[in-house]
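# A look at the structure
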Amino acid sequence: MSIFSSPLDSPSFRLAWLAGLSQKLLGAGSKNEVLDLIDNALSVPAPGGDPGALEGLARLYHGQLGPVGGVFEQVDQVGRKGLPEVWVGDTSVLASEVVNAAGRSVNQMSEAFREGATVLLTLADAIGAAQRKDEQGRGQLLEQRKLLGARDGFFDDLHENDGEEWDRKNAAHFGSYAVDLMHEAVSEAQEATRVAARDLNKWAAEARAGKMDTSELTAVDKLMLADTGVAGADAELNEILTPGDLERASARMDLLNLEDEMAMERMLARSETPQERAYLMKALAAGHSVAEIGRFQDKIHGKDPDWMRRHLTPVVTASDSMDDEGLAPNGSNNNKDVVEFLGQRWVQGGDGSEGTCVASSTVTSRAMVDPVYALELTGGPDGQQDDPDAFRQRLVDEQHRLHTQGEGGENWTGMGPEGQERINDSTVGRATGTDYDRQDLDSAADRRAVLTEVQRSVSQGRPVPVDVRGEDGAHAMTIIAQEGDMLQVYNPWGSTTWVSEDDFINGRMGKASNNELPDAYSVFIPR
């Protein structure tokens, strides 16, 4: 087996190659050229994959539903008995809360197995259909090659009678159709694989408690931290700790020296609510020292969960935020969630008047992944302020700081891609442990190809900056979440909304801004 890969191993290259061959066949001027083009098409690998193996894996997934259902029934019975207020785990979590969290975790596991089986069966069907279509195309190409017969010699090629011309054109016509079938097969298999990868990656990210493999916390502690959501909001759409947070917090917990480890465990045990514990671990995930986390706890300890939501979580996703409520006259979605602190939006320039969209998106992204940073903006130096005007001043100051760091334009307008990448690395990547790489999107095919990476990143809780443009301007926004085939976008005009994959691919990003900015032309992928 060769250690070198062929360009034809790439589905995107195969699509472009087959499309070109189809057109060339229609314009082929000789029998030998038609035969060469048919041979080129037949050299393209068929869509890969084993539908039978995928179906077997789907049956294995489906077979786990019974055992998981039995576990859920047992957990549910315990929960219904009514537990005394006993404390368990190193971080002193109520036993009743643990049982409720366990029930939700088991239910999510059951849903993951069920949906995973469905995804695999759908993929098996799509791969099988693509392979049959590819086989049909190849069969027609072989038939046309047989009908044309042997290659013409030098003198044969000098003259073509009417019958030979008819045969050549006929073979070229049917050959082009056959190549189109092969092209469709590659396209359909590629799209089915992308969708399956998207859904399976999402379900893998939802296996939340398993992201914490640290030995410094009990299984109970891990379960509760993974289960805790923002107060007063849909828990599944607003978990405080993202899968990426859980992994980083776990890794950093294991690296603490004994003194810091004991201090961290004392802070967790001292916490009065599950939300307080989760925000402490999110601060650890964002790279803060134990001493910094201690000062952070002093500011938030004893605060009710609603206060923590306002000060520490800029973006809260409403349960009805994905409902289709049509478009406003400017082409944007009617259904938008305002991102605000006590009535003051997280908006560029404090009122939308400045062109600091890159810096403003970056500020909000950092606040989403780092509650210590968020509190510095919302609560001020002592973390206790509830003053929207003071928040606005701090927000604008920070936007200006990053705009200057990224060498943005004069009068707070615009920023180049190098500056955009640099401030995302230093501000957001610093907290998530990633470096951002710019990827240009010159076509719908480019946007489709990058979707899997975008969705994998946001499902881990790593924001993805996206730049959009129209005929008269450009704008920076951030993709912050994914559910099914929908992407949640933060616009630094002070709101979030959802767009579909199809919107992202086919130039309808105006739904997240306005109809003057329809095309996504670059993203910055955290790696």
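Note: the structure precedes this text.
Let me sum up the structure you'll find in this document. (Residues numbered from 1 in each chain as written. Predicted model: local features only at pLDDT ≥ 70, side-chain atom pairs only at ≥ 80, totals over all residues. Heavy atoms only, no water.)

Once that is clear, we can look at the pairing of strand β9 (residues 486–491). For β9, a buried count of 6 out of 6 residues is recorded, marking the element as mostly surrounded by other parts of the structure. Taking every second residue as pointing to the same face, both faces of β9 are buried, with M486, Q488 and Y490 on one and L487, V489 and N491 on the other. Pairing geometry for strand β8 (residues 474–483) and β9, over 5 bridges, is antiparallel. In the strand pairing of β9, T478 is matched with Y490. Count of turn residues in the β8/β9 antiparallel hairpin: 2 residues, of which G484 carries a positive phi of about 60°. Once β9 ends, the chain turns through 3 residues before running back antiparallel as strand β10 (residues 495–500), passing G494 with a positive phi of about 105°. (Buried < 20%, exposed > 50% of the residue type's maximum accessible area, 1.4 Å probe, protein only. Helix = DSSP H or I, 4+ residues; strand = E, 2+ residues; numbered from the N terminus. Pairing = 2+ DSSP bridges.)

Their axes nearest at 11 Å, the elements helix α11 (residues 290–300) and helix α12 (residues 305–312) cross at an angle of 125°. The orientation of α11 relative to α12 falls into the category oblique. For the pair α11 and α12, the contacting residues are F296, K299 and I300 in the first and W307, M308 and L312 in the second. Class assignment of the residues belonging to the contact of α11 with α12 gives a composition of 5 nonpolar, no polar and 1 charged. (Axes fitted to C-alpha atoms, helices over the stretch in contact; angles between N-to-C directions. Parallel < 35°, antiparallel > 145°, perpendicular 65-115°, else oblique. Contact = heavy atoms within 4.5 Å. Nonpolar A, V, L, I, M, F, W, Y, C, P; charged D, E, K, R; others polar.)

So, on to the packing of helix α13 (residues 357–369) against helix α15 (residues 388–405). Running from N to C, α13 and α15 cross one another at 115°; their axes reach a closest spacing of 8 Å. Pair α13 / α15 crosses with right-handed handedness. Two secondary-structure elements touch here, α13 through A359, S360, T362 and V363 and α15 through L395, E398, Q399, L402 and H403. Among the residues making up the contact of α13 with α15, the classes are represented as 4 nonpolar, 4 polar and 1 charged. (Left-handed = near helix turned anticlockwise from the far one by under 90°.)

One non-glycine residue, N411, adopts positive backbone phi at about 60°. Take N411: it is sitting in the loop between α15 and α16 (417–432). The phi angle at W412 is positive, at roughly 60°, despite the residue not being glycine. By the element assignment, W412 lies in the loop between α15 and α16. Owing to a relative accessible area of 29%, W412 belongs among the partly exposed residues under this scheme.

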